[in-house]
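A look at the structure
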Amino acid sequence: MPLVIDNPSAESCSLPECIEALAETGFDAQDPASTANAALWLRRLANNRSFLGDLLVDRLTGAGDDALASGYGPQAIILSRPRTGRKNAAFLRAAIWPSPRDHVFQTSGAASFVYGAPHDHNFDFLTVGYCGPGYASDYYEYDYGAVAGYPHEEAGLSFIERSTLAPGKLMLYRRHLDVHSQLPPESLSVSINVMRLDPAQGWFDQHGFDLEAGTVARWLNPNAGEAFLRVAVASGSAAALDYAEWAGRHHPSERLRLASFDARADQCGDAAEADALWRAGELSGSRMVAGAAAARRAAL
Ligand SMILES: [Fe+2]
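Residues numbered from 1 in each chain as written. Predicted model: local features only at pLDDT ≥ 70, side-chain atom pairs only at ≥ 80, totals over all residues. Heavy atoms only, no water.

In terms of domains, the protein chain is made up of domain 1 (3-219) and domain 2 (224-299). Taking only C-alpha atoms, the centre of domain 1 and the centre of domain 2 are 35 Å apart. Each partner contributes to the interface: domain 1 provides ten residues, whereas domain 2 provides seven residues. Buried surface at the junction of domain 1 and domain 2, both sides included, amounts to about 710 Å², of which 66% is carbon and sulfur. (Domains from an automatic or database assignment. Contact = heavy atoms within 4.5 Å. Buried area = accessible area lost by both parts, 1.4 Å probe.)

Printed below as a string of structure tokens:
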């Protein structure tokens, strides 16, 4: 499960001080000194009991920085812009965790807040419980490198424990290792995160899991290329079909290779044609495509 970082400190800092300190040093979870430094600034910010309320009032009254409006929907409040180009760039956000008593929970449903949706992360982040009792999680670990990543593949999850992100508890979530299935808090809660921004993270998948079956359920990180390829092939363009045939064999992204097979399978006239296509997928040389292809053939 995420590493609990015990760094008690009575010092507090302002949001601009925290942003400036993180911009200077960044956050690299592979480097213990960098992690300890980022965790110290997160602790100091969490000790500041008024910064978040003040910031939200500024935004509500139009006095705040609208350019920082969240790109993550109403559940996340972006607190700082990442200084891209800097080594180990990181940014700050607040995550809001409604309880079943909250109107937004009742109208949008648990799934909109990822409760009961077990997942790993394709980025490292630090988190601290800021206010409210905090969400609970069932924590698991798994070996990302041993998993090809196709739906229904055995994930090898090991259950660690159920625990709560109580106020002041500070943890390091490790990418591709820590998996959690969250339960809503008893009342509205907020956590503050230091998020590592890694330009390479888009090439590594974030997985959703099926805990009952113990398998990978789906990819959670979007990949626009998959949709583009499927639409291009569905449009009937000869160039798109040529590209899809190349991508199915050679594209560096296994997800795009699989999307190529899916796109062409949609165009198959009958089950025999689809079976032949997926047979080629089984022999394509990609463990991920082969696993998905075997499942598709079994379903035909
Ligand atoms: Fe998560």
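The discussion continues.
Inspection of the secondary structure puts serine 163 in strand β6 (residues 158-164). Serine 163 gets classed as buried once you look at its relative accessible area, which sits at 10%. Polar side-chain contacts of serine 163 include one of 3.1 Å to the side chain of glutamate 161. Setting aside residues up to four positions removed in sequence, serine 163 forms contacts with Met1, Tyr135, Ala136, Ser137, Tyr139 and Lys169. (Helix = DSSP H or I, 4+ residues; strand = E, 2+ residues; numbered from the N terminus. Buried < 20%, exposed > 50% of the residue type's maximum accessible area, 1.4 Å probe, protein only. Polar contact = N/O pair within 3.5 Å; in protein donor to acceptor, adjacent residues only side chain to side chain.)

Their axes nearest at 10 Å, the elements helix α1 (residues 15-25) and helix α2 (residues 32-47) cross at an angle of 175 degrees. As judged from the angle between their axes, α1 and α2 are roughly antiparallel. Here α1 contributes Leu15, Glu17, Cys18, Ala21, Leu22 and Thr25 to the contact with α2, which in turn contributes Asn37, Ala38, Trp41 and Leu45. Broken down by class, the residue content of the contact of α1 with α2 amounts to seven nonpolar, two polar and one charged. (Axes fitted to C-alpha atoms, helices over the stretch in contact; angles between N-to-C directions. Parallel < 35°, antiparallel > 145°, perpendicular 65-115°, else oblique. Nonpolar A, V, L, I, M, F, W, Y, C, P; charged D, E, K, R; others polar.)

A few words on the sheet that holds β6. Ordered by their spatial adjacency, three strands build an open sheet running β6-β5-β8, and the pairing between neighbours is antiparallel. Both outer strands of the open sheet, β6 and β8 (178-183), are each paired with one neighbouring strand and no more. The mean angle between the axes of side-by-side strands here comes to 20 degrees, regardless of whether they run parallel or antiparallel. Two elements, strand β5 (residues 136-141) and β8, share six bridges in a ladder whose sense is antiparallel. Looking at the pairing, alanine 136 lines up with leucine 183 of β8. (Pairing = 2+ DSSP bridges.)

Below, the discussion takes up the packing of helix α7 (residues 254-266) against helix α8 (residues 271-282). Relative orientation of the contacting elements α7 and α8 amounts to 170 degrees, with a least axis distance of 10 Å. Looking at the two axes, α7 sits roughly antiparallel to α8. Residue-level contacts link Leu258, Phe261, Asp262, Arg264 and Ala265 of α7 to Leu277, Trp278, Ala280 and Gly281 of α8. Counted by class, the contact of α7 with α8 contains six nonpolar, one polar and two charged residues.

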